[in-house]
Amino acid sequence: MTAISDREQLSYIAAQAADARVNVELETEGMTLNIGPQHPATHGTLRIVAKLDGEQVVAVDPVMGYMHRGYEKLAEVRTYPQVTTLVNRIDWVGSFANEVPFILAAERLMDVEAPPRAQWIRTILFEMSRIANITLFLGDMGLQVGAVTPAFFAFRDREHVLNLIEAATGGRFHPNFDRIGGLKDDLPAGWITETKRVMKKMRQYCDEIETLVEGNEIFQTRTRGIGVIPADIGLSYGLSGANIRGSGVDWDVRRDNPCGLVHNETDWKVWTHPDGDSFARFWVRLQETRESTRIIDQLLDNIPSGPIMAKVPRIIKVPAGEAYVETENPLGVMGYYVISKGDLTPYRVKIRSASFNNISITPWLLKGVYVPDIITILGSLYFILGDIDR
Amino acid sequence: MSRLSSTDTPTEEEAAPEVDTARNELVARFTAHLGEGLLESHVDPGVDVWLRVSRESWLEAAEFAKSGLGFGYFSFLSGIDWMPSPFGRDMDSSIDVALGNDERSEIDQTIQHGVAGGTGRFQVFARLNDVVNGLGITLKVDLGDDLTVDSWVAVYPGANWHEREAAEMYGFSFTGHPGLRPLYLPSEFEGHPLRKDYPLLARQMKPWPGIVDVEKMPGDDDEGDDS
Amino acid sequence: MGLVESGKIGGGLQSLLNMSRKYSMWVYQWGLACCAIEMGAAFASPRYDVMRLGVIPLPASPRQADLLVVSGTVTDKMAPSVKRLYEQMPEPKYVISMGSCANCGGPYWDSYSVTKGVDQVVPVDVYVPGCPPRPDALLEGIVLLQERIQNEDMAERWKGEPIVID
């Protein structure tokens, strides 16, 4: 966890300056390169129009909207349980986490609190969706840099977590398990023992990735010093999650502003890294996955017993008001601003998705980097298209 | 269902303070700085704080929040359309109110505003966070008939894309924005989708039948169950 | 006039050629949304391995593929790209539409920016329902497509007219 050395940083800057000199001498013409929308390297349908000068980027303009499905308009004509079904599909890799802030906002407006057992199981599933999401990232980051093998590892090990989520909720992803006032069902028998076993396996997987990817020389050369984001710029763009913690900002909504989730009942720590480069972001996410497994282990030991669902009417009409709840989702901070006028359907739902802000920094960040580094930096920022485009 | 028992579960409710000193102090400092510019404010103790400012002091409020109060984190910016939808959506009704349907004229079209009030049909609202103290504020501003307000890009560069989205979804314009191109919608798209009078055409053609079992489940000869 | 397009090859040879074709398909994955992850699980994970059916998921270019799997929501902005890339594939080509969004618009049936089904843009051979369909369901869709290929009449295909199978 050492900071990038001055020598490495200087050598990168010298290489860029050398390129600039070559470009001036040769008087090259700029070229516009269009990456996407269908491209094996982008995480979905993101189109990046890059103006190049030789191998260096002069300006970058991400074009999005290829997955824009109109969530905010659709949420106005669906009832609250129907919106829950829809909202699962925003961040489609760690999907239980999408439902939670919406349900918490609706519960705040209805002034209903879920019983303790439901809160604990919600937190467990929330952390499991984080593991499911970030394991994919850990394997995928290798793919961005050029190593194909970690991706297969990722898919294989994710299956264990997805099996558990399916056993509890019925769906591998898109569980649609959260309800206003609690959860849909209780846990099946034997789930707790099985989860403990799987968490041990996930820790082994993290160790594997540490040796295979993080310790790899090529990976380190390609990610150290690349895509450095200073902390105050990151904050003013609204970066969140591991992206901002990789720049040294100690901010985690699970610890600072938990509403209805019980992370603070356990003993856990927030990981930060001072460098702010792509390696730091990868490292923070790896540590967070391990931390999640520890949180789940502690929560499993102490689940309270009791009812799963509070008393709510069958047809849910939420009283008038406005509420904003944000939680620390796997991709960053996700929040829902729900305005209700007392109807069956919400009046306005503003979805604050993490990847939208995370990617808004790319026009600033990608100036002057080389073309292969575009892919690495985008991979380290880790977005999901459904989260950007909603 | 598990047995009902009250064990030693750690209770979640922290005693919500009746007086929220941190948030009240925020409101006081805003009032001191903006004076007439702060039109209305609302504090939900222990939970959240809303502030509505005038159009002229929208940019000043952002600058003060960033440099004076330590709210360096820009969360989001968007708009609200307070006019009730002319295409009513009552789940008790058997059909959506379609174009040409008489029920449409009975829908109440008076504009009611939410927390911290408002005037006019459209509002822009934004959310800022203070990562050191863990506080967040929501700022609202009313737009006049010309739907124009200052852009925040000079203060928070992250507002760039949010304002582009609000502009194409509602038709707002932000003075001082480097380039209000459409963000999500294809270039041939006409209209502003998030306005309440923009219809969802698929629902006009085939209205949602409500919470009924449209077809009998196989083997259900006698009783159909409402789901 | 070649042998195939004039219909001069006999039934045995035709079924042999069809069998070799169906067991050597190269898939161009058009992974758009959530179904892309299930498609990835079907293709890349060692549990729902698709290579045992003879289908190789490797090509990154449409010019080398003969099966297109559209998985995920197709929006109006994306639809021209689907059509263009479909036209770049050489014949004979097949399309599997995976998931409810690609079949008919799915949960976003009333959205202003979603194409209600990819069959409005390209002709589809097999529809795999689900939201998202399990990887096993996609494998069954591929097996159904293989059955269809086995029973195809190659002369009709060569002529380029729409295939109608009773």
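Residues numbered from 1 in each chain as written. Chains lettered and ligands numbered in written order. Predicted model: local features only at pLDDT ≥ 70, side-chain atom pairs only at ≥ 80, totals over all residues. Heavy atoms only, no water.

1. Some words on the interface of chain B and chain C
At step 1: Taken residue by residue, the interface counts 13 residues in chain B and six residues in chain C.
At step 2: Interface area, chain B with chain C, both sides summed: about 780 Å², of which 70% is carbon and sulfur.
At step 3: One can count zero salt bridges joining chain B with chain C.
At step 4: Taken together, chain B and chain C are joined by zero residue pairs in polar contact (both at pLDDT 80 or more). (Contact = heavy atoms within 4.5 Å. Buried area = accessible area lost by both parts, 1.4 Å probe. Salt bridge = Lys/Arg side-chain N within 4 Å of Asp/Glu carboxyl O. Polar contact = N/O pair within 3.5 Å; in protein donor to acceptor, adjacent residues only side chain to side chain.)

2. Digging into the sheet that holds strand 6 (residues 321–329) of chain A
Residue and element names in this part refer to chain A.
At step 1: Overall, antiparallel pairing links the three strands, which are arranged 6-7-8 in an open sheet. Either end of the sheet is taken by a strand with one partner, and the two such strands are strand 6 and strand 8 (348–352). Taken pair by pair, the neighbouring strands of this sheet meet at an average axis angle of 10°, ignoring direction.
At step 2: With five bridges connecting them, strand 7 (residues 332–340) and strand 8 associate as antiparallel partners. Bridge assignment links valine 338 to a residue of strand 8, and that residue is valine 349.
At step 3: The strands touched by helix 4 (residues 96–110) within the sheet are strand 6, strand 7 and strand 8, with strand 6 carrying the most contacts at an inclination of about 150°. (Pairing = 2+ DSSP bridges. Helix = DSSP H or I, 4+ residues; strand = E, 2+ residues; numbered from the N terminus. Axes fitted to C-alpha atoms, helices over the stretch in contact; angles between N-to-C directions.)

3. As for the packing of aromatic side chains
Residues and elements named next belong to chain B.
At step 1: For the structure on display, the rule yields 30 aromatic pairs over all chains.
At step 2: Between tryptophan 58 and tryptophan 152 the ring centres are 4.7 Å apart and the planes differ by 25°, which places this aromatic pair in the stacked class. Of this pair, tryptophan 58 sits in helix 2 (residues 58–68) while tryptophan 152 sits in the loop between strand 6 (148–150) and helix 3 (159–170), and the two are 94 residues apart along the sequence.
At step 3: Of the residues examined, tryptophan 152 reaches a relative accessible area of 0% and is grouped as buried.
At step 4: Ring geometry for phenylalanine 122 versus tyrosine 170: centroids 6.0 Å apart, planes at 75°, classification edge-to-face. (Phe/Tyr/Trp six-rings, centres within 6.5 Å; stacked < 30°, edge-to-face > 60°. Buried < 20%, exposed > 50% of the residue type's maximum accessible area, 1.4 Å probe, protein only.)

4. Describing unusual backbone geometry
At step 1: Each neighbour pair has its own omega, and for Glu91(C) with Pro92(C) the value is -10°, a cis peptide bond.
At step 2: Secondary-structure assignment places Pro92(C) in the loop between helix 3 (79–88) and strand 3 (94–98).
At step 3: The omega angle of the peptide bond from Cys131(C) to Pro132(C) is -10°, so this bond is cis rather than trans.
At step 4: Mapped onto the elements, Pro132(C) comes out in the loop between strand 4 (126–128) and helix 5 (135–150).
At step 5: If you check the backbone angles, Asp111(A) has positive phi at about 60° while not being a glycine.
At step 6: Tracing the chain through its elements places Asp111(A) in the loop between helix 4 and helix 5 (116–145).
At step 7: Classification of Asp111(A) by relative accessible area gives exposed; the value is 71%.
At step 8: Phi is positive for Tyr382(A), close to 50°, though the residue is something other than glycine.
At step 9: Within the secondary structure layout, Tyr382(A) lies in the loop between helix 15 (371–381) and helix 16 (385–389).
At step 10: With relative accessibility at 1%, the residue Tyr382(A) sits in the buried group.

5. Topic: the confidence of the model for chain C
All names here are of chain C.
At step 1: Mean pLDDT for chain C: 84, with 94% of residues reaching 70 or above.
At step 2: Within chain C, no element has a lower average pLDDT than helix 6 (residues 154–159), which sits at 74, and none a higher one than strand 4, at 93.
At step 3: ipTM for the predicted complex: 0.85, alongside a pTM of 0.85. (pLDDT = per-residue confidence, 0-100.)

6. What to know about the sheet that holds strand 2 (residues 48–53) of chain B
Residue and element names in this part refer to chain B.
At step 1: Sheet architecture is open: five strands sit in the order 1-2-5-4-3, paired in mixed fashion. Looking at which strands have only one partner, the edges of the open sheet turn out to be strand 1 (38–44) and strand 3 (73–81). On average, each strand axis in the sheet is tilted by 20° relative to the strand beside it, whichever way the strands run.
At step 2: Across eight bridges, the pairing between strand 4 (residues 122–130) and strand 5 (residues 135–142) is antiparallel. Bridging from a neighbouring strand, arginine 127 pairs with threonine 138 of strand 5.
At step 3: Of the strands in this sheet, strand 1, strand 2 and strand 5 touch helix 1 (residues 21–34), which is tilted by about 175° from strand 1.
At step 4: The strands touched by helix 3 are strand 3 and strand 4; relative to strand 3, the strand with the most contacts, the crossing angle is about 10°.

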